Amino acid sequence: MNLLARMNSSPAVSAISPRLELGAYEALWLENGATFKSLAEKFAADQTATPSDFVSHTVAEARANEVVTKLSKAGVSRFGIRLNLTGNYPTKLRDARYPVELFYFQGAWELAETRSVAIVGAREASEIGIQRAAKIATELVDRKFTVVSGLATGIDAAAHRAAIHAGGHTIAVIGTPIGVYYPKQNETLQRQIAEGHLLISQVPVLRYASQHVPQNKLFFPERNVTMSALTEATIIIEASDTSGTLTQARAALQQGRKLFILDSCFLRDDISWPATYEKRGAIRVRSMDDIWTALGDASTPEN
């Protein structure tokens, strides 16, 4: 059985070829000037279209073959895709400003349908920030929430590890293709999430491989937008005024998601963003009850 033949499927996608759609989507990303915005506008103009409506089948098959080869060389032996207009694509992801038509994933896709909360923050996090992230992740698990983050160093990794340690579930939305491990020190954690939890990537394999690091860095803030859309709330542990975390803060409010900011952020005199976002509707968290009340989950967790 080949790689794509193992992908999850349902009656809703029986009329389409996942392999063909994957290849077509990758081909669209190789077009000059392609961005999340330009592709979203293309599909918004024809809301019944799938990627293969814009790309010849010959080109789509060729690009699909290239993707399978690259992923195989990277050690990816099993993966799936989720495509808009099919029954297993979460409609909540359409709340993103520029919705993504196709996602790669590894692991248990059903976790995408659970109640989930994102925990995000600085890569160069303080020790107390790491502790706070771990504590909140553990409490979310106690209340049966799935913990979502971006698999970066610092706050992200702390949240993922704490959720796993607490016996819960976690989702990583990464800013690289599946099969790419960034940062390298999180490779073991990424493999653990891909095998026992859920790893999601919206990054096109071939476009990423054809570019250099400066261009590929642009995929990271876009994954924050998706992370917000996937969840019902985002909790910011700590971040500077220039942190990429604020991309997710903006997205959360634009998408109608709840945005929580820890009180400790407001007490810092070197940043101004917490007060700005509170005025826009973010919730200042002085105690965990502020989170549980806003989420409608004020009950005592099970032992």
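Scroll up to find the structure this text is about.
These remarks concern the structure in this document.

Cut-off values and rules
- Residues numbered from 1 in each chain as written.
- Predicted model: local features only at pLDDT ≥ 70, side-chain atom pairs only at ≥ 80, totals over all residues.
- Heavy atoms only, no water.
- Salt bridge = Lys/Arg side-chain N within 4 Å of Asp/Glu carboxyl O.
- Helix = DSSP H or I, 4+ residues; strand = E, 2+ residues; numbered from the N terminus.
- Buried < 20%, exposed > 50% of the residue type's maximum accessible area, 1.4 Å probe, protein only.
- Phe/Tyr/Trp six-rings, centres within 6.5 Å; stacked < 30°, edge-to-face > 60°.
- Lys NZ or Arg CZ within 6 Å of the ring centre and 35° of its normal.
- Contact = heavy atoms within 4.5 Å.
- Polar contact = N/O pair within 3.5 Å; in protein donor to acceptor, adjacent residues only side chain to side chain.
- Axes fitted to C-alpha atoms, helices over the stretch in contact; angles between N-to-C directions.
- Parallel < 35°, antiparallel > 145°, perpendicular 65-115°, else oblique.
- Nonpolar A, V, L, I, M, F, W, Y, C, P; charged D, E, K, R; others polar.
- 1 Å grid on protein atoms, 1.4 Å probe; cavity = no way out; pocket = protein on both sides within 12 Å on 5 of 7 lines; lining within 4 Å.
- Points joined across faces, edges and corners; volume = space filled by probe spheres on them.
- Pairing = 2+ DSSP bridges.
- Arc of directions from axis to C-beta.

Considering all chains together, one arrives at 11 salt bridges under this definition. A salt bridge links Arg63 to Glu66; the shortest N-O distance between them is 2.5 Å. Of the two residues, Arg63 and Glu66 both sit in helix α3 (residues 57-73), three residues apart, roughly one turn of that helix. Exposure remark for Glu66: the relative accessible area of 33% places this residue in the partly exposed category. The residue Glu101 makes a salt bridge to Arg94 at a minimum N-O spacing of 2.8 Å.

Using the criterion set out here, one finds 11 aromatic pairs in the structure. Each ring, one from Phe36 and one from Phe219, has its centre 6.0 Å from the other, and the planes form 90 degrees; the classification is edge-to-face. With Phe36 in helix α2 (residues 36-45) and Phe219 in helix α9 (residues 219-230), this pair connects stretches of sequence that are 183 residues apart. For Phe219, a relative accessible area of 5% puts it in the buried group. Three or more aromatic residues link up through ring pairs in this structure, and these residues are Trp29, Phe36, Tyr208 and Phe219. The lysine or arginine in question, Arg280, covers the ring of Tyr277, its NZ or CZ lying 4.8 Å from the ring centre.

So, about the environment of Ser149. Looking at the secondary structure, you find Ser149 in strand β4 (residues 146-149). On the basis of relative accessible area, Ser149 is assigned to the buried category, the value being 0%. Taking the C-alpha atoms as reference, Ser149 lies 9.6 Å from Ser228; in sequence the two are 79 residues apart. If we skip the residues at most four places from it in the chain, Ser149 touches Ile119, Val120, Asp156, His160, Ile171, Ala172, Val173 and Met227. Within the structure, the side chain of Ser149 is placed 3.1 Å from the side chain of Asp156, a separation counted as a polar contact.

Interaxial distance between helix α10 (residues 245-254) and helix α12 (residues 273-280) falls to 11 Å at its minimum, and their mutual angle equals 10 degrees. As summarised for this structure, α10 and α12 are arranged roughly parallel, according to the angle between their axes. Of α12, the residues touching α10 (which contributes Leu246, Ala249, Arg250 and Leu253) are Trp273, Tyr277 and Arg280. Looking at the contact of α10 with α12 residue by residue, the class counts come to five nonpolar, no polar and two charged.

With that settled, the discussion passes to the layout of surface pockets. Its boundaries defined by the atoms lining it, the second largest pocket holds a volume of some 250 Å³. Lining the second largest pocket are 16 residues, with Gly121, Arg123, Ser243, Gly244 and Thr245 positioned closest to its centre. Per element, the largest residue contribution to the lining of the second largest pocket is five residues, and it comes from α9. Considering only residue class, the lining of the second largest pocket consists of six nonpolar, six polar and four charged.

In spatial order, the strands read β1-β2-β6-β5-β4-β3-β7-β8-β9; together these nine strands make up an open sheet with mixed pairing. The sheet terminates laterally at β1 (80-83) and β9 (283-285), the two strands that pair on one side only. Strand after strand, the sheet turns through a mean of 25 degrees between neighbouring axes, direction not considered. Summarising the sheet, strand β5 (residues 170-174) and strand β6 (residues 198-201) pair through four bridges and their orientation is parallel. Bridge pairing in β6 places Val173 opposite Ile200. In the packing of helix α13 (residues 288-295) onto the sheet, the strands contacted are β3 (116-120), β7 (233-236), β8 (258-262) and β9, and the crossing angle to β8 comes to about 175 degrees.

Right, let's get into the pairing of β1. By the alternation rule, side chains of β1 split into Gly80 and Arg82 and Ile81 and Leu83, which are all buried. Pairing analysis gives four bridges linking β1 to strand β2 (residues 102-107), with the strands arranged antiparallel. Residue pairing across strands places Leu83 opposite Leu102, the latter belonging to β2.

Quick reminder: α-helices carry 3.6 residues per turn. Residues three or four places apart thus point the same way. Residues Glu187, Leu189, Gln190, Ile193 and Ala194 constitute the buried set of helix α6 (residues 187-196). Seen along its axis, α6 keeps its buried residues to an arc of 165 degrees; they face one direction. The exposed residues of α6 that point more than 90 degrees off its buried face are Thr188 and Glu195.

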